[in-house]
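Fold and geometry: a report
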Amino acid sequence: MRILVCAKQVPDTNEVRIDPVKGTMIREGVPSILNPDDANALEAALAIKDETPGTEVIVMTMGPPQASEMLRECLAMGADEAYLLSDRAFGGADTWATSATLAAGIKKIKKIDMVLAGRQAIDGDTAQVGSQIAQRLKMPVVTYVEDIKIEDQKAIVHRQMEDGYEVIEVEMPCLLTCVKELNDPRYMSIGGIMQAYEQPITTWNHEDIGLSPEACGLNASPTQVFRSFTPPAKGGGEMITGTTVSEIAGSLVSKLKEKHII
Ligand SMILES: Cc1cc2nc3c(=O)[nH]c(=O)nc-3n(C[C@H](O)[C@H](O)[C@H](O)COP(=O)(O)OP(=O)(O)OC[C@H]3O[C@@H](n4cnc5c(N)ncnc54)[C@H](O)[C@@H]3O)c2cc1C
């Protein structure tokens, strides 16, 4: 079985701070990390590999050359092969163009039984890329996956819902988008880190994956970001006071009603 994991290198948004004077985002010193949901997707693929000998795990990313560091991390965790789609022509891609590029890269790799992606990237935050790739590859997709079992050529998955989960049986090849409740990603091993630096990373440009420059990046993006800005800081909180518990509870309830929260 061959499983391909889509992994994105993202800025660690927990480390992003806002300049209190200028109100702008401070990006300096913000580390780039493997997108957290993608680490869960990779762990799921590696767990299947542990249980099913002969399984190959391939990771693919679209990004700048420095995204290869994140791919090495994936190799050090246990992935077998890594592919970097990197080209100036891919720059400025929205989710439509990102999924077109990743789908073209995946098509070039033959006999994929399962594609795993994260539910969402913590920077773009759209949760669109996984489903768009599935549509382009004409594969069934299940999103918000929190449990995966493989039986013959089928995946039996739990799809997270607000108040429980759905059990879905899906024919392979299929694409699943993974949530953090699926597993706890393993750490890189020392041996894995040493080996990861000896393994090649295959880099493909637009010609390698058969896309014209018009079919990728900003050129192929139907959306455009006109302006981005830091949201205003939240106003200060208010302490509700009173002499009795019922008086305090009463003013809390009337404030919540006033704001149409209840
Ligand atoms: C007009 C416009 C211009 C933009 N310009 C830029 C730009 O110049 N530079 C830039 O960095 N971003 C740019 N972006 C953001 C970029 O579109 C998104 O980062 C990208 O499309 C992925 O969307 P997302 O982060 O919301 O991913 P989601 O849809 O939330 O990601 C879901 C999953 O898809 C997979 N995935 C997503 N992106 C990748 C990837 N690149 N490689 C591998 N797997 C992936 C991962 O498994 C991820 O967990 C732009 C967006 C717009 C709308």
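What counts, and where the lines are drawn
- Residues numbered from 1 in each chain as written.
- Predicted model: local features only at pLDDT ≥ 70, side-chain atom pairs only at ≥ 80, totals over all residues.
- Heavy atoms only, no water.
- UniProt positions renumbered as here; feature names shortened; annotations may be inferred.
- Pairing = 2+ DSSP bridges.
- Helix = DSSP H or I, 4+ residues; strand = E, 2+ residues; numbered from the N terminus.
- Axes fitted to C-alpha atoms, helices over the stretch in contact; angles between N-to-C directions.
- Near = heavy atom within 4 Å.
- Polar contact = N/O pair within 3.5 Å; in protein donor to acceptor, adjacent residues only side chain to side chain.
- Areas by Shrake-Rupley, 256 points an atom, 1.4 Å probe, with all protein chains shown as cover.
- Nonpolar A, V, L, I, M, F, W, Y, C, P; charged D, E, K, R; others polar.
- Buried < 20%, exposed > 50% of the residue type's maximum accessible area, 1.4 Å probe, protein only.
- Phe/Tyr/Trp six-rings, centres within 6.5 Å; stacked < 30°, edge-to-face > 60°.
- Lys NZ or Arg CZ within 6 Å of the ring centre and 35° of its normal.
- Contact = heavy atoms within 4.5 Å.
- Salt bridge = Lys/Arg side-chain N within 4 Å of Asp/Glu carboxyl O.

As annotated in an unreviewed UniProt entry, the protein carries the name Electron transfer flavoprotein small subunit and is attributed to Acetobacterium fimetarium. The Sequence similarities (unreviewed entry) comment attached to the protein in UniProt states, word for word, "Belongs to the ETF beta-subunit/FixA family." The annotation that UniProt attaches to the protein under Cofactor (unreviewed entry) is "AMP".

Here's the deal with the pairing of strand S11 (residues 164–171)
The pairing of strand S10 (residues 154–161) with S11 spans 8 bridges and is classified as antiparallel. Counterpart to Ile-156 in the pairing with S11 is Glu-169. Where S10 folds back on S11, the antiparallel hairpin that results is connected by 2 residues.

Focus: the sheet that holds strand S8 (residues 114–118)
What the 9 strands build is an open sheet, ordered S11-S10-S9-S12-S8-S1-S6-S7-S13; its pairing is mixed. Here the strands that pair on one side only, and so sit at the sheet edges, are S11 and strand S13 (202–204). When strand polarity is set aside, the average angle formed by the axes of neighbouring strands in this sheet is 30 degrees. Here strand S6 (residues 56–62) runs beside strand S7 (residues 81–85); their pairing, made up of 5 bridges, is parallel. Directly across from Ile-58, in S7, lies its bridge partner Glu-81.

Looking at the site of the ligand
The environment of the ligand is formed by 29 residues, the closest being Lys-8, Asp-38, Ala-93, Ala-121 and Thr-126. In this structure, an oxygen atom belonging to the ligand sits 2.5 Å away from a side-chain N or O atom of Lys-8. At a separation of 3.4 Å, a nitrogen atom of the ligand approaches a polar side-chain atom of Thr-61. Considered on its own, the ligand offers 940 Å² of accessible surface; in the complex 78% of this is hidden by protein. At the level of elements, S6, helix H3 (95–108) and S8 are the ones that each hand at least two residues to the shell around the ligand. Grouping the constituent residues of the shell around the ligand by class yields 11 nonpolar, 12 polar and 6 charged.

Considerations on unusual backbone geometry
Residues Met-172 and Pro-173 are joined by a peptide bond in cis, for which omega reads 5 degrees. Within the secondary structure layout, Pro-173 lies in the loop between S11 and strand S12 (174–178). Even without a glycine there, the phi angle at Asp-125 is positive, about 65 degrees. Here Asp-125 is to be found in the loop between S8 and helix H4 (129–137). Phi is positive for Asp-152, close to 50 degrees, though the residue is something other than glycine.

Side note on the pairing of S12
Burial analysis of S12 places 5 of its 5 residues in the buried class, the great majority of the element. Sheet analysis places S8 next to S12, joined by 5 bridges and oriented parallel. Bridge pairing links Met-114 to Cys-174 in S12. With 3 bridges connecting them, strand S9 (residues 141–151) and S12 associate as parallel partners. Counterpart to Val-142 in the pairing with S12 is Leu-176.

Concerning the packing of aromatic side chains
Following the criterion strictly, the structure yields 1 aromatic pair and no others. With a centroid separation of 4.8 Å and 45 degrees between ring planes, the pair formed by Tyr-83 and Trp-204 is classed as tilted. Here Tyr-83 is found in strand S7, whereas its partner Trp-204 is found in strand S13, with 121 residues between them in sequence. Directly above the ring of Trp-96 sits Arg-136, whose terminal nitrogen or CZ lies 4.3 Å from the centroid.

Regarding the side chain of Asp-12
Here Asp-12 is to be found in the loop between strand S2 (9–11) and strand S3 (17–18). Those residues in contact with Asp-12, other than ones at most four positions away along the chain, are Val-30, Pro-31 and Ile-33.

A look at the pattern of salt bridges
Scanning the entire structure with this criterion turns up 11 salt bridges. Here Asp-80 ties to Lys-49 by a salt bridge, and the two come within 3.0 Å at their closest N and O atoms. Linking Asp-80 in the loop between helix H2 (67–77) and S7 with Lys-49 in helix H1 (residues 36–51), this pair joins segments that are 31 residues apart in sequence. In this structure Asp-80 comes out as partly exposed when scored by relative accessible area, which is 30%. Residues joined in a network through salt bridges with shared partners are Glu-43, Asp-50 and Arg-186.

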